[in-house]
There are 2 protein chains.
Amino acid sequence: MFSIPMERQINTRQKTAIRDAFVEADRPLSPDEVLAGAQRHHPTLGKATVYRNIQSLVDEGWLQAVEVPGDSPRYEVAGKEHHHHFQCNRCKKLYELQGCIPSFKMKVPRGFRTTGHEFFLYGLCSQCNH
Amino acid sequence: MFSIPMERQINTRQKTAIRDAFVEADRPLSPDEVLAGAQRHHPTLGKATVYRNIQSLVDEGWLQAVEVPGDSPRYEVAGKEHHHHFQCNRCKKLYELQGCIPSFKMKVPRGFRTTGHEFFLYGLCSQCNH
DNA sequence: ATCGTTGCAAACTCTTTGCAGGATT
DNA sequence: AATCCTGCAAAGAGTTTGCAACGAT
């Protein structure tokens with residue numbers, strides 16, 4: 001038998017600053033937003049470190065990616081229930097919505113098999129809708 | 001009063017090859033797919049020309065952009081009714097679906113205003129689902 | 001002392017732009 | 001002939017990778 005060595009859990013100041021940025025923001029963040037948020041805790045943080053730690057947190061299962069149409073990827077704390085997102089047309093911030101749309105049946109071409117869906121609302125967030 | 005000069009409608013061989021690629025494919029195409037499809041009509045076509053002509057066709061209203069989560073933009077012939085898209089998980093091709101989902105009411109946070117939505121189905125297309 | 005992480009810079013990919021030559025009217 | 005378009009190559013923007021120095025154990 002082979003034993004799979006438990007990965008040592010390494011928490012550098014940089015990685016902690018990045019996790020804190022997600023907890024404080026409480027919404028999905030882009031790499032640039034992570035850099036800006038985490039630099040308030042650790043000003044010398046570099047962008048390569050942000051990209052590497054995002055990937056590391058995704059691999060650990062702490063983060064998960066949220067792909068957005070026509071914009072850079074966002075990442076959110078993993079483990080939440082199925083939900084969708086709202087993007088502000090002006091500031092481009094992404095927000096979490098509760099729940100899913102009511103059951104829907106979309107017709108797909110013959111021979112196609114559906115395995116999942118995505119849904120986005122667009123508009124103005126409270127900060128931009130004054 | 002100023003008169004707005006009517007743009008001369010210029011149709012080069014390259015632009016015609018690009019339009020033909022869309023008509024033949026009958027689905028939204030990425031810039032790379034346009035290049036590949038149009039090069040079958042005009043083998044020396046360059047990618048800068050593809051990008052410029054896509055932009056030109058969008059400006060003319062012949063094409064419209066279809067942004068996709070986590071993938072390069074697609075373009076489809078403009079003027080169709082409101083509809084959504086299906087993306088194949090394996091080959092990444094985008095397909096047009098008919099119609100929209102039945103009426104839905106998603107709760108948004110207070111102070112937010114909704115102006116639009118997007119919806120995507122994912123799965124396997126008939127070519128990849130054998 | 002060892003081994004993983006950081007931060008800079010270079011490499012990469014996708015897209016846009018500059019420019020000389022070519023095509024169209 | 002004048003003007004617009006093309007294709008190459010260089011420039012940008014966002015992301016990834018190489019590497020020497022740093023940090024933690």
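Below you will find a few notes about this structure. (Residues numbered from 1 in each chain as written. Chains lettered and ligands numbered in written order. Predicted model: local features only at pLDDT ≥ 70, side-chain atom pairs only at ≥ 80, totals over all residues. Heavy atoms only, no water.)

For chain A, the helix and strand inventory stands at three helices and five strands. Reading chain A from its N terminus to its C terminus gives the helix and strand order α-α-α-β-β-β-β-β. A compact globule built from 130 residues would reach a C-alpha radius of gyration of about 14 Å, whereas chain A, at 18 Å, exceeds it by more than 25%. When its C-alpha atoms are laid out on the principal axes, chain A stretches across 60 × 50 × 20 Å. In chain A, which comprises 130 residues, the proportion classed as buried is 38%. In chain A, once contacts between residues fewer than 6 apart in sequence are set aside, the share between residues at least 24 apart is 49%. (Helix = DSSP H or I, 4+ residues; strand = E, 2+ residues; numbered from the N terminus. Rg over C-alpha atoms; globule rule 2.2 N^0.38 Å. Buried < 20%, exposed > 50% of the residue type's maximum accessible area, 1.4 Å probe, protein only. Contact = heavy atoms within 4.5 Å.)

In the neighbourhood of DNA strand D, 18 residues make up the surrounding shell, with A:Tyr51, B:Thr12, B:Gln14, B:Thr49 and B:Arg52 lying closest. Take the atoms of DNA strand D that sit within 4 Å of the protein: sugar and phosphate atoms are 74% of them. A distance of 3.2 Å is found between a phosphate oxygen of DNA strand D and a backbone nitrogen or oxygen belonging to B:Gly46. B:Arg52 places a polar side-chain atom, nitrogen or oxygen, 2.6 Å from a base nitrogen of DNA strand D. (Near = heavy atom within 4 Å. Polar contact = N/O pair within 3.5 Å; in protein donor to acceptor, adjacent residues only side chain to side chain.)

Once chain B is rotated about the relating axis by 180 degrees and shifted along it by 0.0 Å, it coincides with chain A to within an RMSD of 0.0 Å. Here the two chains are linked by the operation of a two-fold rotation axis. Looking at the interface residues of chain B, 97% of them are also at the interface in chain A, so both copies use one shared face. (Least-squares fit on C-alpha atoms with pLDDT ≥ 70 in both.)

This part is about the nonpolar core. Counting residues in each nonpolar core, the largest one holds 26 residues, and the members touching the most others are A:Ile101, A:Phe119, B:Ile101 and B:Phe119. Leave out the neighbours within four places in its chain, and B:Phe119 touches A:Ile101, A:Phe104, A:Met106, A:His117, A:Glu118, A:Phe119, B:His84, B:His85 and B:Ile101. (Core = buried A, V, L, I, M, F, W, Y, C linked by side-chain atoms within 4.5 Å.)

Another aspect to go through is the interface of chain B and chain A. The interface of chain B with chain A comprises 37 residues on the first partner and 36 residues on the second. Interface of chain B and chain A: buried area, both sides summed, is about 3100 Å²; carbon and sulfur atoms make up 67% of it. Taken as a group, B:Met106, B:Phe112 and B:Arg113 account for 21% of the area that chain B buries against chain A, more than any other trio of residues on that side. It is strand 5 (residues 113–124) of chain B that provides the largest number of residues to the side of chain B that touches chain A, a total of 12 residues. Taken together, the residues of the side of chain B that touches chain A sort by class into 19 nonpolar, 13 polar and five charged. (Buried area = accessible area lost by both parts, 1.4 Å probe. Nonpolar A, V, L, I, M, F, W, Y, C, P; charged D, E, K, R; others polar.)

Using the criterion set out here, one finds eight aromatic pairs over all chains in the structure. Centroid distance A:Phe112 to B:Phe86: 5.0 Å. Interplanar angle 65 degrees. Geometry classified as edge-to-face. Note that A:Phe112 is positioned in the loop between strand 4 (94–96) and strand 5 (113–124) and B:Phe86 in strand 3 (residues 85–88), a pairing that runs across two chains. Residue A:Phe112 is classed as buried on the basis of its relative accessible area of 13%. Taken together through their ring pairs, the aromatic side chains of A:Phe86, A:Tyr95 and B:Phe112 make up a single cluster. Here A:Arg27 stacks its cationic end above the ring of A:Tyr95, 5.9 Å away from the centre of that ring. (Phe/Tyr/Trp six-rings, centres within 6.5 Å; stacked < 30°, edge-to-face > 60°. Lys NZ or Arg CZ within 6 Å of the ring centre and 35° of its normal.)

Turning next to unusual backbone geometry. Backbone geometry places A:Asp26, a non-glycine residue, at a positive phi of 55 degrees. For A:Asp26, the location among the structural elements is in the loop between helix 1 (13–25) and helix 2 (31–39). One non-glycine residue with positive phi stands out, namely B:Lys92, at about 70 degrees. Assignment of secondary structure puts B:Lys92 in the loop between strand 3 and strand 4 (94–96). By relative accessible area, B:Lys92 is classed as partly exposed at 41%.

For the rest of this paragraph, the subject is helix 1 (residues 13–25) of chain B. All names here are of chain B. With 13 residues, helix 1 should reach 18 Å at 1.5 Å per residue; the first-to-last C-alpha distance of 18 Å fits that figure. Buried residues along helix 1 sit against helix 2 (31–39), helix 3 (47–60), strand 1 (63–66) and strand 2 (74–77). Once helix 1 finishes, Asp-26 follows within two positions and takes phi at roughly 55 degrees, a positive value. (Expected span 1.5 Å × (residues − 1).)

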